[in-house]
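# Examination of the molecular architecture
If you want the building blocks of each chain, they are given just below.
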Amino acid sequence: MNNENRNDEAVSPVIATILMVAITVVLAGVLYVWASSLAEGNTDGDIAFYVFDAEDAGGDLTDGTDDNLVRVTMTQGSDINWASVNVKISVNNGAPIDCDRQAPGETVDTNCALIEFGDDSDADWSVSDGVTIVENGQAICSAGETCSVKVTITNTREGNTMDESSTVAQ
């Protein structure tokens, strides 16, 4: 009888270990599926990453009020309608200035204008398209000055910042 008791006791820890491993594997699988569906549910399949490059627009800065300051080019992202885009610049860590897109033959009422280059035949900002940010009636940067320009591009429909780029205008 002593042998029978020892065999029964030896089987119980083995079965308990197998059950613990099985429960752990099942629980891990459930957590993985739950986390995956949660992550998918938050993206709606419309996640888009944008990258914009800013560079000096070239040419010399003057004391005038129509200098080309910065060129910004979209290098990655989906097409976005211009009606959903807001561009602001901050010069030398100053207050942000709104820039408005200036269509050919039209003027804007802000101190900063965006003149589109690339494919300007549509209403979208696409990869390889860009804008030249130009002074519009106010000397934002003066002759002989080096201006640090931070460009912030916002999707107004989504309410999020698409990109922030910085460069120097000289």
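Residues numbered from 1 in each chain as written. Predicted model: local features only at pLDDT ≥ 70, side-chain atom pairs only at ≥ 80, totals over all residues. Heavy atoms only, no water.

## Here's the deal with the state of the cysteines
Two cysteines whose sulfur atoms are joined by a covalent bond form what is called a disulfide. Evaluation of the coordinates by the stated rule reveals 2 disulfides. Across the disulfide, cysteine 99 is cross-linked to cysteine 112 (sulfur-sulfur distance 1.8 Å). Between cysteine 99 and cysteine 112 the sulfur-sulfur dihedral comes to about 75°; the bridge is accordingly right-handed. Taken as a pair, cysteine 99 in strand β5 (residues 97-101) and cysteine 112 in strand β6 (residues 112-117) lie far apart in primary sequence, 13 residues in all. Of the two residues, cysteine 99 and cysteine 112, neither departs from the other in class, the shared state being buried. The connectivity of the disulfide bonds within the protein chain can be written as 1-2, 3-4, using the sequence rank of each bonded cysteine. (Disulfide = S-S within 2.5 Å. Helix = DSSP H or I, 4+ residues; strand = E, 2+ residues; numbered from the N terminus. Buried < 20%, exposed > 50% of the residue type's maximum accessible area, 1.4 Å probe, protein only.)

## Considering the environment of cysteine 112
Looking at cysteine 112, the relative accessible area reads 0%, which means it is buried. In this structure the C-alpha to C-alpha distance between cysteine 112 and arginine 101, which are 11 residues apart in sequence, comes to 8.9 Å. Not counting chain neighbours up to four residues away, the residues in contact with cysteine 112 comprise Ile89, Ile97, Asp98, Cys99, Asp100, Ile133, Val134, Asn136 and Ile140. (Contact = heavy atoms within 4.5 Å.)

## Focus on the nonpolar core
Formed by 28 residues in total, the largest nonpolar core has its most connected members in Val72, Val87, Ile89, Trp125, Ile133, Val151 and Ile153. Looking at this core, the elements that each hand over two or more residues are β1 (51-56), β2 (68-76), β4 (85-91), β6, β8 (130-135), β9 (147-155) and β10 (160-169). In contact with isoleucine 133, other than residues within four places in its own chain, are Asp67, Asn68, Leu69, Val70, Val72, Val87, Ile89, Cys99, Cys112, Ala113, Leu114 and Val151. (Core = buried A, V, L, I, M, F, W, Y, C linked by side-chain atoms within 4.5 Å.)

## Thoughts on unusual backbone geometry
Of note in this structure, asparagine 92 is not a glycine but carries a positive phi near 50°. Of note, asparagine 93 is a non-glycine position whose phi angle comes to about 60°, a positive value. When you line up the elements, asparagine 93 lands in the loop between β4 and β5. Assessed through its relative accessible area of 78%, asparagine 93 is described here as exposed.

## Describing the pattern of salt bridges
Under the defined criterion, the tally for this structure stands at 4 salt bridges. Glutamate 116 serves as the salt-bridge partner of arginine 101, at 2.9 Å between the closest nitrogen and oxygen. Of the two residues, arginine 101 is situated in strand β5 and glutamate 116 in strand β6; the sequence distance between them amounts to 15 residues. Between glutamate 164 and lysine 150 there is a salt bridge whose closest N-O contact spans 3.7 Å. Of this pair, glutamate 164 sits in strand β10 while lysine 150 sits in strand β9, and the two are 14 residues apart along the sequence. (Salt bridge = Lys/Arg side-chain N within 4 Å of Asp/Glu carboxyl O.)

## Focus on the environment of alanine 54
On the secondary structure map, alanine 54 appears in strand β1. Judged by its relative accessible area of 19%, alanine 54 is buried. Remark: the alpha-carbon pair of alanine 54 and glycine 130, spanning 76 residues in sequence, is separated by 9.5 Å.

## A look at the sheet that holds β6
As summarised here, the arrangement of the 8 strands in space is β1-β2-β8-β6-β5-β4-β9-β10, forming an open sheet in which the pairing is mixed. In this open sheet, the two edge strands, each paired with only one partner strand, are β1 and β10. In this sheet, neighbouring strand axes are inclined to one another by 30° on average, regardless of whether the strands run parallel or antiparallel. In terms of strand pairing, β2 meets β8 through 5 bridges, oriented antiparallel. When the bridges of β8 are listed, valine 72 appears paired with valine 131. (Pairing = 2+ DSSP bridges. Axes fitted to C-alpha atoms, helices over the stretch in contact; angles between N-to-C directions.)

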